[in-house]
Structure formats: structure tokens, C-alpha cells
Amino acid sequence: MNGKQRMVEQSKQWLCDALINLMTKENFQDISITEIAQTAELSRKTFYHSFKNKEAVINYLCDQLFDQYFEQLLQQKPQVGEMMLKTTFDIFLNFWWRKRDLIQLLIRQGLFDHMNEIWQQKAIPRYQQFAAPWHVQGTPTQVNYVMAFQLGGFTNILRVWLGQDQPEPPEQIKDLMLLAAQQLANSLNTN
């Protein structure tokens with residue numbers, strides 16, 4: 001990345017941070033481009049060179065979150081069965097626990113579903129990169145349905161868990177998720 005590209009990325013990050021700061025004080029819908037630019041100490045012209053509108057800033061934020069999460073997910077070593085599931089749950093819960101203030105802000109601002117849409121779009125192309133034993137081999141349409149099913153469970157856990165004022169620690173939620181997965185597996189094995 002050359003100097004100009006680094007400056008463009010830095011400006012995007014400053015604008016993103018400014019919007020997050022403003023959302024802690026006022027409703028997303030009421031925040032103006034001018035406010036974002038002023039808070040970032042940048043011009044409106046710089047804002048529009050970086051983003052089309054403030055929704056694009058949210059998209060950028062969600063892209064960053066997903067990329068950071070997926071990078072951590074890919075660092076785990078392939079394991080067998082339940083150990084892989086436990087490790088995946090650990091990574092998922094601990095990553096989002098560290099981001100809980102931001103997730104709670106997105107929930108309060110009504111932007112959590114938007115994050116889920118971006119997550120779904122970005123997850124499907126990366127599906128095969130993460131070698132999990134529960135992944136289905138199939139057509140792109142089949143993979144899309146499976147990802148929607150899996151991500152729906154994960155993101156709804158986030159909404160319920162981190163939407164609380166005093167969320168439980170990640171280990172407690174992991175135990176509940178493992179219990180639910182085991183009960184689901186057991187229910188499929190009954191004759």
C-alpha cells in the first residue's frame with residue numbers, strides 16, 4: 001500500500017470512528033455528513049471521496065468487523081467433531097464479547113440487521129475456506145441456505161446475548177450453545 005492509499009484508508013477509519021462516536025450521542029438517522037466530517041476533522045469533500053453516504057460508512061464498519069472475525073476463525077487448526085465446534089464457539093463468542101459495546105450500539109441504532117445482511121453476503125464466498133465438519137458440499141443455492149441457517153442462529157444469539165444490559169460471560173453462553181447443538185444432534189438420532 002502506497003502513501004496515498006494509506007491516507008485514504010486512514011481517512012475512512014477516522015470517518016468511521018467519528019460516526020461511531022456520534023451514534024453514542026444521537027440517532028443514526030439524525031446525524032449529518034457535515035457532523036461526521038467535522039468530528040473526524042476532515043472536509044465534506046474528503047467524506048465524499050471516501051464514501052457515497054453515511055450508510056456506506058456502516059458498510060465499511062461491518063466489512064471490517066467481518067474481516068477481523070473471519071481472520072480469527074481461519075487461524076484455528078482443523079479438529080475432529082465436538083472439539084472443532086467448541087473452538088469455533090470460543091472464537092465466535094470471545095471475538096464478539098470484545099466488540100460488545102459496538103454491537104450494543106448497532107442494536108440500539110437499529111443497524112444490527114444491516115450488519116447481518118453484510119455478514120451473509122461476505123460469508124458465502126468464504127464458506128469453503130473454513131474447513132468445518134458440519135459444512136455441506138452442494139450447489140451455491142444449497143450452500144446459501146445452509147449459511148443462512150447457521151448464521152441465523154449465530155447472529156440471533158448475538159442479538160439476544162449482547163442486547164442485554166448485563167450479558168453473561170462468553171463461557172456460559174458457549175455451554176448453552178453446546179447443549180443446544182447436542183440436543184439437536186440427539187433428536188436426529190432417535191428412531
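Residues numbered from 1 in each chain as written. Predicted model: local features only at pLDDT ≥ 70, side-chain atom pairs only at ≥ 80, totals over all residues. Heavy atoms only, no water.

Per an unreviewed UniProt entry, the protein carries the name TetR/AcrR family transcriptional regulator and comes from Levilactobacillus tongjiangensis.

1. Observations concerning a nonpolar patch on the surface
Note the cut-off: To count toward a patch, a residue needs a relative accessible area above 30% and no salt bridge. Like charges then connect within 9 Å, nonpolar side chains (Val, Leu, Ile, Met, Phe, Trp, Tyr) within 5 Å. With residues, only the protein chains shown are counted as cover, and all accessible areas are computed by Shrake-Rupley using a 1.4 Å probe. Whenever a carboxyl oxygen of Asp or Glu lies within 4 Å of a side-chain nitrogen of Lys or Arg, that contact is scored as a salt bridge. Only DSSP runs of H or I with at least four residues qualify as helices, and only runs of E with at least two residues qualify as strands; both kinds are numbered from the N terminus onward. Only protein chains enter the accessibility calculation, which uses a 1.4 Å probe. A residue is then buried if its area is under 20% of the maximum for its type, exposed if over 50%, and partly exposed in between.
Taken together, the side chains of Phe149, Leu184 and Leu188 make up a nonpolar region of the molecular surface, amounting to roughly 380 Å² of accessible area. Secondary-structure assignment places Leu184 in helix 9 (residues 170-188). With relative accessibility at 47%, the residue Leu184 sits in the partly exposed group.

2. Here's the deal with the packing of aromatic side chains
Under the convention used in this document: Only Phe, Tyr and Trp rings are paired, with Trp represented by its six-membered ring, and only when their centres lie within 6.5 Å; those with planes under 30 degrees apart are stacked, over 60 edge-to-face, the remainder tilted.
Enumeration according to the criterion identifies 15 aromatic pairs in this entry. Between Tyr69 and Trp96 the ring centres are 5.9 Å apart and the planes differ by 40°, which places this aromatic pair in the tilted class. Placement of Tyr69 in helix 4 (residues 54-74) and of Trp96 in helix 5 (residues 81-98) is noted, with a sequence separation of 27 residues between them. No difference in accessibility class separates Tyr69 from Trp96, as the two residues are buried. An aromatic cluster of three or more residues is present, and its members are Phe66, Tyr69, Phe70, Phe89, Phe92, Phe95, Trp96, Trp119 and Phe154.

3. A few points about the pattern of salt bridges
Considering all chains together, one arrives at 7 salt bridges under this definition. One salt bridge connects Lys174 with Glu171, and the closest N-O pair in it is separated by 3.3 Å. Placement of both Lys174 and Glu171 in helix 9 is noted, with a separation of 3 residues, approximately one turn of the helix. Taking relative accessible area as the criterion, Lys174 reaches 9% and is therefore assigned buried. By sharing partners, the salt bridges in this structure join Asp63, Asp67 and Lys122 into a single network.

4. Structural notes on the side chain of Ser50
The test is simple: For this analysis, a polar contact is any N or O atom pair within 3.5 Å, provided that within protein one partner can donate a hydrogen and the other can accept it, and provided that sequence-adjacent residues contribute only side-chain to side-chain pairs. Note on contacts: a residue pair qualifies if any of its non-hydrogen atoms lie within 4.5 Å across the two residues.
Its location among the elements puts Ser50 in helix 3 (residues 44-50). A relative accessible area of 15% means that Ser50 is categorised as buried. Only 3.0 Å separates the side chain of Ser50 from the backbone oxygen of Thr46, close enough to count as a polar contact. Apart from residues no more than four positions distant in its own chain, Ser50 is found in contact with Ser11, Lys12 and Leu15.

5. Considerations on the UniProt feature "domain: HTH tetR-type" (unreviewed entry) in the protein
Rule in force here: UniProt positions are given in the numbering used here, feature names are shortened, and annotations may be inferred rather than shown by experiment.
In this structure's numbering, the residues bearing the UniProt feature "domain: HTH tetR-type" (unreviewed entry) are residues 9-69. Each end of residues 9-69 is marked by a C-alpha atom, and these two atoms are 19 Å apart; helix forms 75% of the span and strand 0%.

6. Observations concerning the UniProt feature "DNA-binding region" (unreviewed entry) in the protein
Sequence positions flagged by UniProt for "DNA-binding region" (unreviewed entry) are, in local numbering, residues 32-51. Here residues 32-51 is 75% helix and 0% strand, with 13 Å between the C-alpha atoms at its ends.

7. Quick look at the nonpolar core
Here is the rule we go by: As used here, the term nonpolar core means buried Ala, Val, Leu, Ile, Met, Phe, Trp, Tyr and Cys residues forming a set that is joined through side-chain atoms within 4.5 Å.
Counting 57 residues, the largest nonpolar core has Met23, Phe92, Trp96, Met115, Trp119 and Leu158 as its most contacted members. Every element with two or more residues in this core is listed here: helix 1 (3-23), helix 2 (33-40), helix 4, helix 5, helix 6 (100-108), helix 7 (112-126), helix 8 (140-162) and helix 9. Sort the elements by how many residues they give to this core and helix 4 lands first, with 11 residues. In this structure, Trp119 is in contact with Phe66, Tyr69, Phe92, Trp96, Leu151, Thr155 and Leu158, ignoring residues within four places of it in sequence.

8. Things to note about the packing of helix 7 against helix 8
Each packed pair of helices is defined by two parameters, the angle between the axes and the distance between the axes. We apply this condition: All axes are obtained by fitting lines to C-alpha atoms, using only the stretch in contact for helices, and the reported angles, taken between N-to-C directions, cover 0 to 180 degrees. For a crossing to be left-handed, the near helix must be turned anticlockwise from the far one by less than a right angle; the clockwise case is right-handed. Residue classes follow a fixed rule: Ala, Val, Leu, Ile, Met, Phe, Trp, Tyr, Cys and Pro count as nonpolar, while Asp, Glu, Lys and Arg count as charged, and any other residue, Gly among them, counts as polar.
It is at 10 Å that the axes of helix 7 and helix 8 come closest, and there the two elements cross at 145°. Crossing of helix 7 over helix 8 shows right-handed handedness. Listed contacts from helix 8 to Phe112, Asp113, Met115, Asn116, Trp119, Gln120, Ala123 and Ile124 of helix 7 are Asn144, Met147, Ala148, Leu151, Thr155, Leu158 and Arg159. Looking at the contact of helix 7 with helix 8 residue by residue, the classes come out as 9 nonpolar, 4 polar and 2 charged.

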